[in-house]
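Coordinate inspection notes
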Amino acid sequence: MPIACSTEACTSSATIKRARDGDPVCTACFTRRFEEDVHETISSTSLFKRGERVAIGASGGKDSTVLAYAMKVLNERHDYGLELILLSIDEGIKGYRDDSLKSVERNKIEYQLPLTILSYKDLYGWSMDEIVAKIGKKNNCTFCGVFRRQALDRGSYKLGCTKLVTGHNADDIAETVLMNLLRGDVARLERCTNICTGEDGGSLPRAKPLKYSYEKDIVMYARVNKLEYFYTECIYAPNAYRNFARDYIKKLERVRPRAILDIIISGESVAIRKEVAMPVLGNCSRCNYISSQKLCKACLLIEGLNTDNLQLGTKKKATTTSAQKTGCKSEGEPCECRGDQDGGTVENNNSGNDDAIDRCQDSLNDLNCSTSTRKKKPISFEATDSDATAQDNKACGCDNDGGAAKIDF
């Protein structure tokens, strides 16, 4: 027996179940309610001002394709008064980006929107294929994320845009909240759920109109409206840290679909204590891009590539903050699993965290701590470039029963 559409005054049979709320709806009502949800997100947050020139980050994938189409429809329907421009970044990944840009070119014609394409090769002197050939497949997402973010900003400034919109959806944001929570990244945890960042004047404002739109609904919207987009995943992405968070979020969604929005709301509710030191943003001394360090992350990574110092910009330092020494094998000696204890630093290579943890655990097993007074020591992480694509950072310590160290923010 057909199921009736849940929309009032609609007599059609339901053909789609909305991922966001589980409501059964017909095709027409699904499209209309999806667009109304995006419009509600835009209007309730006063996301745009009339007359703004807005760049749309267009990769050719489902999210950016739906974003471009929906923005054009809503801009005309609700008279936002925006000038929309498609902006694409060519990372230089053969068999992936070159094909996806063909979809963007077709969207340009179909949506009648101007298109600008910038490449890593022109901006940085390196393509991603060349970078991966040099560094291997570890840390390649760090390079690409940092370069892409800066390239989008550069392109937007070049086009005279006052705002950049990206296709980040509810699933993406929930994954980011989880990732920042797991690695203890307080600065990013505080701002990752903001629907618009950079409005303080430090950088180009970035907006996420699809913040509350589920990925499943986005795919269905594209199918229903026969939007053409590129399906293939990046050939270098399978080993990305985000995939672990994505798999976990998908499992949560199967059990409780509302969990995605609940995680976002939890992230929005995070309050950082005033005494917690936050990164102070300035400008890179080399390229003038926003940075919390003397050199921005992109300049560090480029310098590392050009000088064959491939660890430059890909390592972080963890600093122990406790002044108390207890010794492990013998009194007065530093704990082998943490190196120098008092104010010392421990190099933490993002590309080999698992190896580092294994080595640390081996040291713990060999310590044979003889004192029952061994205490856990707090570990804190030094702030790094705020414009970096953060990686998984772990630290551990030992006590007499092999417990884990406390993370102190």
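Residues numbered from 1 in each chain as written. Predicted model: local features only at pLDDT ≥ 70, side-chain atom pairs only at ≥ 80, totals over all residues. Heavy atoms only, no water.

The chain has the name Cytoplasmic tRNA adenylyltransferase 1 in an unreviewed UniProt entry, where Mesorhabditis spiculigera is given as its organism.

1. What about the UniProt feature "domain: Cytoplasmic tRNA 2-thiolation protein 1 C-terminal" (unreviewed entry) in the chain?
When the UniProt feature table is mapped to this numbering, "domain: Cytoplasmic tRNA 2-thiolation protein 1 C-terminal" (unreviewed entry) covers residues 282-307. End C-alpha atoms of residues 282-307 are separated by 25 Å, and the span's content is 42% helix alongside 15% strand. (UniProt positions renumbered as here; feature names shortened; annotations may be inferred. Helix = DSSP H or I, 4+ residues; strand = E, 2+ residues; numbered from the N terminus.)

2. A few points about the nonpolar core
Counting 39 residues, the largest nonpolar core has Tyr-120, Met-128, Ile-131, Phe-143 and Phe-147 as the members making the most contacts within it. Residue assignment for this core shows that the elements contributing at least two residues are strand 4 (83-90), helix 4 (120-124), helix 5 (128-135), helix 6 (140-158) and helix 12 (297-307). With residues near it in sequence (within four places) discarded, Phe-147 still touches Tyr-120, Tyr-124, Ile-131, Ala-298, Leu-301 and Ile-302. Grouped together as the second largest cluster of nonpolar side chains are 38 residues, Ala-58, Tyr-80, Val-165 and Tyr-221 included. (Core = buried A, V, L, I, M, F, W, Y, C linked by side-chain atoms within 4.5 Å. Buried < 20%, exposed > 50% of the residue type's maximum accessible area, 1.4 Å probe, protein only. Contact = heavy atoms within 4.5 Å.)

3. What about the packing of helix 2 (residues 62-77) against helix 9 (residues 215-224)?
Where helix 2 meets helix 9, the closest approach of the two axes is 10 Å, and the angle between their N-to-C directions is 65°. Crossing of helix 2 over helix 9 shows left-handed handedness. Contacts from Lys-62, Asp-63, Val-66, Tyr-69 and Ala-70 in helix 2 reach Glu-215, Ile-218, Val-219, Tyr-221 and Ala-222 in helix 9. Looking at the contact of helix 2 with helix 9 residue by residue, the classes come out as seven nonpolar, no polar and three charged. (Axes fitted to C-alpha atoms, helices over the stretch in contact; angles between N-to-C directions. Left-handed = near helix turned anticlockwise from the far one by under 90°. Nonpolar A, V, L, I, M, F, W, Y, C, P; charged D, E, K, R; others polar.)

4. A few points about the environment of Ile-265
Mapped onto the fold, Ile-265 is located in helix 11 (residues 259-268). For Ile-265, a relative accessible area of 35% translates into the label partly exposed.

5. Digging into the sheet that holds strand 3 (residues 53-57)
Strands sit in the order 5-4-3-6-8-7 across an open sheet of six strands; the sheet is mixed. Every interior strand has two partners, whereas the edge strands, strand 5 (115-119) and strand 7 (196-197), have only one. Pairing between strand 7 and strand 8 (residues 206-207): two bridges, direction antiparallel. Bridge pairing links Cys-196 to Ala-207 in strand 8. Sheet contacts for helix 3 (residues 97-111): strand 4 and strand 5; angle to strand 4, the most-contacted strand, approximately 165°. (Pairing = 2+ DSSP bridges.)

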